[in-house]
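# Remarks on the overall topology
Listed below, chain by chain, are the residues.
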Amino acid sequence: MSRRWRRILLGATAVLALVVAGGAVAIHRKNTGKLDHGTVFTQTSGDLAVKSGELFSIEVFGHRGAGDNWTMAAPDPDPAVARAAGDEYVGNVGLTDLLGFGATGDLGTGGHYYFTFRAQNPGRTTITVHVPYRDELGGSFPGGPNQTKRQFTVDVR
């Protein structure tokens, strides 16, 4: 095989490897809304400490294509302690999007839900988010979230 053909074959192999790995390479991109997330908490549950007036968000990974549509669960947090400021889904974008093969932001790489709040007055309240249909069926599912419900205790100081 000539040197020229080896280079062509090597280049084609490299391009193919990038396309195949496209789903594994992900970067954050907002595909809906322009919500300011403030301080972002990525833990799966527990206590959150924030200051009065602070904007904060709870981030939860979800795969909308698999039905992982996270929402707030009842009861709502006490609005005198933490007032909801909005929520949004930010999809991951794969390498195939960057190369122009999709540009949808939903190529099987999932994304993150952000539940945003403004801390109001000193006190404690509970925030619960869940995947309603998975929560009703009970348990987690292959390819789905590790938990179907996450609970946070917010301490505003």
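Residues numbered from 1 in each chain as written. Predicted model: local features only at pLDDT ≥ 70, side-chain atom pairs only at ≥ 80, totals over all residues. Heavy atoms only, no water.

Looking only at helices and strands, the protein has three helices and nine strands in total. Scanning the protein from its N terminus toward the C terminus, one meets helices and strands in the order α-β-β-β-β-β-β-α-β-β-α-β. The proportion of buried residues among the 157 residues of the protein is 36%. Residue pairs at least 24 apart in sequence account for 76% of intrachain contacts in the protein once pairs closer than 6 positions are excluded. On the protein, roughly 9,000 Å² of surface is accessible, and the fraction owed to carbon and sulfur atoms is 56%. (Helix = DSSP H or I, 4+ residues; strand = E, 2+ residues; numbered from the N terminus. Buried < 20%, exposed > 50% of the residue type's maximum accessible area, 1.4 Å probe, protein only. Contact = heavy atoms within 4.5 Å. Areas by Shrake-Rupley, 256 points an atom, 1.4 Å probe, with all protein chains shown as cover.)

One ladder, built from five bridges, connects strand S3 (residues 46–50) with strand S9 (residues 149–156); its direction is parallel. Counted as the bridge partner of Gly46 is Phe152 from S9. (Pairing = 2+ DSSP bridges.)

The biggest cluster of nonpolar side chains holds 20 residues, and the ones touching the most others in it are Val50, Phe56, Ile58, Trp70 and Val154. Mapped onto this core, the elements with two or more residues apiece are S3, strand S4 (55–62), strand S6 (82–94), strand S7 (111–119), strand S8 (123–130) and S9. In terms of residues, this core owes the most to one element, S7, which gives four residues. If sequence neighbours within four positions are ignored, Phe56 has contacts with His37, Thr39, Phe41, Val50, Ala82, Phe115, Thr116, Phe117, Arg118, Ala119, Ile127 and Val154. (Core = buried A, V, L, I, M, F, W, Y, C linked by side-chain atoms within 4.5 Å.)

Let's shift gears to the pattern of salt bridges. Tallied over the entire structure, the rule returns one salt bridge. The salt bridge partner of Arg157 is Asp155, with a shortest N-O separation of 3.3 Å. Overall, the relative accessible area of 19% leaves Asp155 in the buried class. (Salt bridge = Lys/Arg side-chain N within 4 Å of Asp/Glu carboxyl O.)

Let's shift gears to the sheet that holds S8. Pairing within the open sheet is mixed, and its four strands lie in the order S3-S9-S8-S5. Two strands close off the open sheet at either side, each with one partner strand: S3 and strand S5 (71–72).

Judged from the two bridges that link them, S5 and S8 form a sheet pairing that is antiparallel. Paired with Met72 across the bridge in S8 is Val129. Looking at chain direction, S8 and S9 are connected through eight bridges and run antiparallel. Counted as the bridge partner of His130 is Lys149 from S9.

For the structure shown, the criterion picks out four aromatic pairs. On the numbers, 4.8 Å between centres and 55 degrees between planes, the contact of Tyr89 with Tyr113 is tilted. With Tyr89 in strand S6 and Tyr113 in strand S7, this residue pair connects regions lying 24 residues apart in the sequence. The buried category is assigned to Tyr89, whose relative accessible area is 4%. Judged by relative accessible area, which is 7%, Tyr113 ranks as buried. A centroid spacing of 6.5 Å and a plane angle of 15 degrees characterise the contact between Tyr113 and Phe115, whose relative ring orientation is stacked. In this pair, the class of Tyr113 matches that of Phe115, namely buried. (Phe/Tyr/Trp six-rings, centres within 6.5 Å; stacked < 30°, edge-to-face > 60°.)

What follows covers the side chain of Glu88. Structurally, Glu88 is set in strand S6. Given the relative accessible area of 7%, Glu88 is considered buried. Side chain to side chain, Glu88 and His37 meet in a polar contact 2.8 Å long. (Polar contact = N/O pair within 3.5 Å; in protein donor to acceptor, adjacent residues only side chain to side chain.)

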